[in-house]
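For reference, the chains in residue letters:
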Amino acid sequence: MDREKRDKNYQQAIGQVVRRLRRDKGWTQNKLAEEIGTSQSAIHRIENGGQNISLELIQKLSAVLGGQILSVNNTVSQNYLIRGGRELHGEITINTSKNAAVALLCASLLNQGTTTLRHLARIEEVFRIIEVLESIDVKCRWINDDQDLEITPPKKLNLDAIDIEAARKTRSILMFMGPLLHKETKFRLPYAGGCTLGTRTIEPHLRALSRFGLKVDASVCSGFYTASVEPDRRSMRPNWQNRHHIDEVKHPYPPKRIVLIERGDTVTENILMAAALYPGETTIVGASPNYMVQDLCFFLEKLGVRIRGIGTTTLRVIGCHKIDTNVEYSPAEDPIEAMSFIAVALVTKSNLTIKRAPIEFLEVELEVLKAMGARIVCSPEYYSTNGHTRLVDLMVHKSELAAPTDKIAPMPFPGLNIDNLPFFAVIAATAKGRTLIHDWVFENRAIYITYLENLNARVELLDAHRVYVEGPTSWRPAELVAPPALRPAVVVMIAMLAAPGTSILRNVYSINRGYQDFAERLNRLGAKIEPSAGL
């Protein structure tokens, strides 16, 4: 029994390395299977530790993946060795949005035709959703020098084969509910994962989707959301029998009015996807008008869905009976990535040009920074490839910053974006004076700001939502495990870039979830970051 357990642990360890090397190359399981002459299901078993693997196969995998699968006294996690205190220079082009990408991948399930997503972000979060899609028999293929993703659905989804491990690593799996309720009468989804940011209920999703007949049992400790759909509530059909007058016949698709109890991005996206295949009118009150929701709306319009009120908190949606079209769409650039590089420039006291920044989702942040003394110049506006989102190039100059008079806190769009708030903590640490950061949305995220104390920042935690940060900071290097949340992990990395000497940031998967080639792109600006990984 002990030997069987050791063999199983060995297989799982090998599978983890194969999965990481494959993801580092940006390959799908299908692509790797083609390269070594096997099936996608075999790669799936290997990566999940369910396949006996020979030395010959290990050598073949090592050759095509370009990395050593077996080594000694290393760890599967990836780490960064950062030589900080360097002034950066040059220009960086912002990639397309992570949060739009995952929503569009989920929305592709609505379409029976082929969906092609242009310039899709090649990040871990996207790879996880692709793995889930492939496991249920959706074909995903990178094309055009691996810049675009082509998605072709099967006639019938194989939900019984869903990749549970990949699904549980992302909260985006919740957005399968909206499309699936039109395709299945019963289904199960693994519990959602993602960043560790305290308790995040899915009650707003379940409450709103129940208007389309979805019932979900999330109370049983099975690790799954068990869903069933009442077809008569999903789409009301005419009842002509025993009717004496046309006025007595119910409208086949009566209008739905859904009031969201939480102005959340993913819940709004979930309802939009459910409404897309409901031919009547759905009014969503209290909708999020955030950037990823707008991108989803523009995509749905290309599928034939009619939407009024895009960019406001009230959306009116007239869906389709069926969606079967070949469609191409380019998501807009990521305002959170743009804010990340703004923070890099200000904290390292560097001159950087940030190209293709979505200005309408950064205006409040830029005003706060300018009030703190940041010298940032905007180019004339132009449009993103999607034809809707306004972009600018930002020239960020070395600046002497001062703490703001008022606290810094997020608000729903068009306010300061909740995902941009952590960057203000590391910026405040470089500013003269005391800044109050109030993260009222998430229960635990403010606590992660205290990681900066290890790099000599002065941080006073008032409670789970509020911290004082006092600057300026004489940064010093440190060795830390990255916080298990995307933006706080990047904040620690930015501080390490400013700290003279050598820092080590361990287990950076949380950063790779949301940023494509982040270390490599920083190195092109003059940073010195060396990734290291192994078994």
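The sections below set out a description of the structure shown in this document. (Residues numbered from 1 in each chain as written. Predicted model: local features only at pLDDT ≥ 70, side-chain atom pairs only at ≥ 80, totals over all residues. Heavy atoms only, no water.)

1. Observations concerning the sheet that holds strand β21 (residues 479–481)
The sheet built from 4 strands is open, its strands ordered β21-β22-β1-β23 with mixed pairing. Strands at the two margins of the open sheet, each flanked by one partner only, are β21 and β23 (528–532). Mean inter-strand twist for the sheet, computed between neighbouring axes without regard to direction, equals 20°. Sheet topology places β21 next to strand β22 (residues 501–506); 3 bridges connect them, and they run parallel. When the sheet's bridge partners are listed, Leu480 is paired in β22 with Leu505. (Pairing = 2+ DSSP bridges. Helix = DSSP H or I, 4+ residues; strand = E, 2+ residues; numbered from the N terminus. Axes fitted to C-alpha atoms, helices over the stretch in contact; angles between N-to-C directions.)

2. Here's the deal with the pattern of salt bridges
Opposite charge on two side chains allows them to pair when their charged atoms are near. The tally for this structure, following the rule as stated, stands at 30 salt bridges. Put simply, Glu91 and Lys355 hold a salt bridge, and the shortest N to O gap is 3.7 Å. Here Glu91, found in strand β2 (residues 89–93), pairs with Lys355, found in strand β14 (residues 351–358); they are 264 residues apart in sequence, far enough to count as distant. Taking the relative accessible area as the measure of exposure, Lys355 reaches 27% and is therefore partly exposed. Glu333 is the partner of Arg356 in a salt bridge, and the nearest nitrogen-oxygen pair spans 2.9 Å. You can see Arg356 sitting in strand β14 and its partner Glu333 sitting in the loop between β13 (327–329) and α13 (335–347), a full 23 residues away along the chain. We classify Glu333 as buried; its relative accessible area is 6%. Here the salt bridges share partners, and the residues they tie into one network are Arg19, Arg22, Arg23, Glu47, Glu124, Arg128, Glu131, Glu165 and Lys169. (Salt bridge = Lys/Arg side-chain N within 4 Å of Asp/Glu carboxyl O. Buried < 20%, exposed > 50% of the residue type's maximum accessible area, 1.4 Å probe, protein only.)

3. Side note on empty space enclosed by the protein
Applying the stated criterion to the full structure yields 5 cavities of 30 Å³ or more. By volume, the largest cavity amounts to about 80 Å³. Around the largest cavity sit Leu421, Pro422, Ile437, Asp439, Arg445, Ala446, Tyr448, Ile449, Leu452, Pro488, Val491 and Val492, which together line it. When residues of the lining of the largest cavity are traced back to their parent elements, those giving at least two are α15 (421–428), α16 (445–448) and α17 (486–498). In terms of lining, the second largest cavity is formed by Tyr291, Gln294, Asp295, Phe298, Ala332, Glu333, Phe361 and Thr389. Here the lining of the second largest cavity is composed, by residue class, of 4 nonpolar, 2 polar and 2 charged. (1 Å grid on protein atoms, 1.4 Å probe; cavity = no way out; pocket = protein on both sides within 12 Å on 5 of 7 lines; lining within 4 Å. Points joined across faces, edges and corners; volume = space filled by probe spheres on them. Nonpolar A, V, L, I, M, F, W, Y, C, P; charged D, E, K, R; others polar.)

4. Here's the deal with the packing of helix α5 (residues 98–107) against helix α12 (residues 291–302)
Look at α5 against α12: their axes get within 8 Å of each other, and the N-to-C directions meet at 35°. At the point where α5 passes α12, the crossing takes the right-handed sense. The residues of α12 that touch α5, namely those facing Asn99, Ala100, Ala103, Leu104 and Ala107, are Tyr291, Met292, Asp295, Leu296 and Phe299. Residues belonging to the contact of α5 with α12 are distributed by class as follows: 8 nonpolar, 1 polar and 1 charged. (Left-handed = near helix turned anticlockwise from the far one by under 90°. Contact = heavy atoms within 4.5 Å.)

5. Focus on the environment of Thr348
Tracing the sequence through the fold places Thr348 in the loop between α13 and β14. Separated by 263 residues in sequence, Thr348 and Gly85 place their C-alpha atoms 7.2 Å apart. Those residues in contact with Thr348 that lie beyond four places of it in its chain are Arg86, Glu87, Leu88, Leu497 and Ala498. Of the polar contacts made by the side chain of Thr348, one reaches the backbone oxygen of Val344; its length is 2.6 Å. In terms of polar contacts, Thr348 uses its side chain to reach the side chain of Ser350, at 2.8 Å. (Polar contact = N/O pair within 3.5 Å; in protein donor to acceptor, adjacent residues only side chain to side chain.)

6. So, the side chain of Arg19
Its location among the elements puts Arg19 in helix α1 (residues 2–24). Of the residues examined, Arg19 reaches a relative accessible area of 5% and is grouped as buried. Within the local environment of Arg19, its side chain forms a polar contact with the side chain of Glu165, the two groups lying 2.9 Å apart. In this structure, Arg19 is in contact with Glu47, Asn48, Glu131 and Glu165, ignoring residues within four places of it in sequence.

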